[in-house]
Structure formats: C-alpha cells, structure tokens
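# Examination of the molecular architecture
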Amino acid sequence: MFAAERRQLILEMVRANGAVSLRELARVVQTSEVTVRRDVRALEAEGLLDRRHGGAVLPGGFTRESGFPQKSHLATAEKTAIADLAANLVEEGEAIVVGAGTTTQELARRLARVPGLTVVTNSLLVAQALAHANRVEVVMTGGTLRGSNYALVGSGAEQSLHGLRVSRAFLSGSGLTAERGLSTSNMLSASVDRALVQAAAEVVVLADHTKLGTDTMFQTVPTDLITRLVTDEPPAHDDRAGTELQALADQGVQIAVAGGQGGSAGVAGPGGDPASARQQRRDVPLPGPRRQVPGAGGGGLRSASAAMLGEQGSGAERARVADLRRR
C-alpha cells in the first residue's frame, strides 16, 4: 500500500471511530507501528487529526465522544498506574461515588479489596467490576442507558443523586485544563457528572497525561472544585502536559503522579523510603492557599505538590497519602 493510500485509510478510521490506537491502525493497514506513527505525525502536521499517546483522535477536541472500544485501547498502562495510585486514597468503610470511564473502571477493580466500602455509580462497568466483591456495597443510579460508554444518564440518574452525601467523588473525562477544569464531549454525561460532584465533599479527578491540555465541549468540574488530580508521568517531550500540570498546581489542585514508565509509585514522607520516592517522583511546585472543602477528610494531599502512593511491605496496612511540604 502506498503512503497516500495508507494515510487516507488511517484518516477514515479515525473519522469513523473518533479515536483509534496505533496497534489497531497498524493491523488494518498491515504495516508496523513505527510506519503508522510517521503517518499519524504527517496527518497531524496537516491538521487532519491529533496524536495521543498510543493512538490518534479527531482534531480540536470539540468533537463527538469516542466509544468504549476505542477508549479502552488508549494509554492502558497509564490508566493502570493511575488506578493503583488512586485506590490508596480510599479508606475502609467509606462511602464514595465513582463516575463512568475506562480509568474509573480500572479503579473499581482495585476497590473490590476494600472492606466495608459503599460505591455509588452510574457506570455499568464499575458495577460489574465490583459485582462479586462480597464486602463492598454497590448502589446504582437510575436513568437511561447510554450504550457508547455503558453509563446511566438523564433526569432519572440525576434525581437519584439528590440528597446524597459521600466523602469523595472519583471522576474521569475527555479533557482537563487549568482554565476550565474537567470536561467531556457529551452533554448528558456532563450533567450526571455535575450531580456526582454535588454529592461529594471532595473531588478526585483521574486523568492520564494525554488528557492534560485538552478542552472539550461541556464542563463537568471547574478547576476550583477539583481537590486532587491523579495522573501519570508525562513524557519529557510533552511540554503541553507539563505546562498544564504546573498551571493546575498553581491554582491549588493537589497532584499525585504515578511512578514513571507506568510503574507503581513509592511513598514519600513518614514511613516511606525517601530515596525510592525521589527516584520516581517529579515534583510540582507547591500551590498557593486553597479554599477548604467542607466535610473533606483529614488525611491526604492537603498541600502536596506531587505525592506518591503505594503499599509498603506485606502487611495489611494501607499506605496513606503523604503530605509533602516545602521546607
């Protein structure tokens, strides 16, 4: 296949699906991922698509939301690392809400081991991941099923959340910027996510570095309502993600970064291994004063610039979030 034919086919696949992984593109056009990566780079230079880590998406961000099959193949290692890190924020016996998304699905798989947990969700995938966890209670919202991401949306879902109060909300989305906060491409999904936020004392956003600096149509969580961001280490050449992390930290968002290369994060602070943490942590400067979230839990990254979480030793004790303060 000539390069022009190959690139036309790649463009048609991205337009049809919204997002496609490099692996899938290489399989369809029957060439190597290295060649496909060059093709994607050339198409991006022409403004026909945008590159993302491990794939390609429609340009500009203000586009229709890609479906679950496409999302599930993008940044899988990063989502796993983020889920490992975020799970350590959850305490035994807590009540939390978990929104829809492939990253929150990964989180749910890890929450199955937390005893006494109550999880409220509008995601069938989250509920499925917790279905056989005998020590976790799952509460589902009502609503209308949105097949593209297996989530319940609409007035039924929103009304079922009225009067609910939990400690934390774990949400994902299509994009995250310091200017607008978390956003998504679908109006119905955005509306339910805003209802989930209203039910929580604090908001934890799970977003891999490919979403940093991306702005989509419907705002779900403004920056001043985001308590924590759990993300992965951006590549050294990704200036956009690094700049956005800095801007989010400057606005008071507490940032936890998963260990480099998709690895697990270490603990920095009391009880952790400082040397190990230094090897895996990329520090973000401390943010300025931030408003207190009513009812927020005591532990956590209250003024952390970047904190690494993880489990130490073989005991049952869960590693706590480290509070890193500038000295």
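Residues numbered from 1 in each chain as written. Predicted model: local features only at pLDDT ≥ 70, side-chain atom pairs only at ≥ 80, totals over all residues. Heavy atoms only, no water.

For the rest of this paragraph, the subject is the sheet that holds strand β3 (residues 55-57). Taken in spatial order, the 3 strands line up as β1-β3-β2 in an open sheet, and their pairing is antiparallel. Here the strands that pair on one side only, and so sit at the sheet edges, are β1 (19-21) and β2 (50-52). Neighbour-to-neighbour, the strand axes of this sheet turn through a mean angle of 25 degrees, independent of strand direction. (Pairing = 2+ DSSP bridges. Helix = DSSP H or I, 4+ residues; strand = E, 2+ residues; numbered from the N terminus. Axes fitted to C-alpha atoms, helices over the stretch in contact; angles between N-to-C directions.)

Attention shifts here to the sheet that holds strand β5 (residues 117-121). The 7 strands lie next to each other as β6-β5-β4-β9-β12-β14-β15, forming an open sheet whose pairing is parallel. Two strands in the sheet have a free side with no partner beyond their single neighbour: β6 (136-140) and β15 (254-257). Taking the axes of each pair of neighbouring strands and ignoring which way they run, one obtains an average angle of 20 degrees across the sheet. Pairing of strand β9 (residues 166-171) with strand β12 (residues 200-206) involves 5 bridges; the strand directions are parallel. Looking at β12, one finds that F170 is bridged to V204.

Note that A19 resides in strand β1. Residue classification places A19 among the buried positions, given a relative accessible area of 2%. Each C-alpha atom, one on A19 and one on R52, is 9.0 Å from the other, the two residues being 33 residues apart in sequence. (Buried < 20%, exposed > 50% of the residue type's maximum accessible area, 1.4 Å probe, protein only.)

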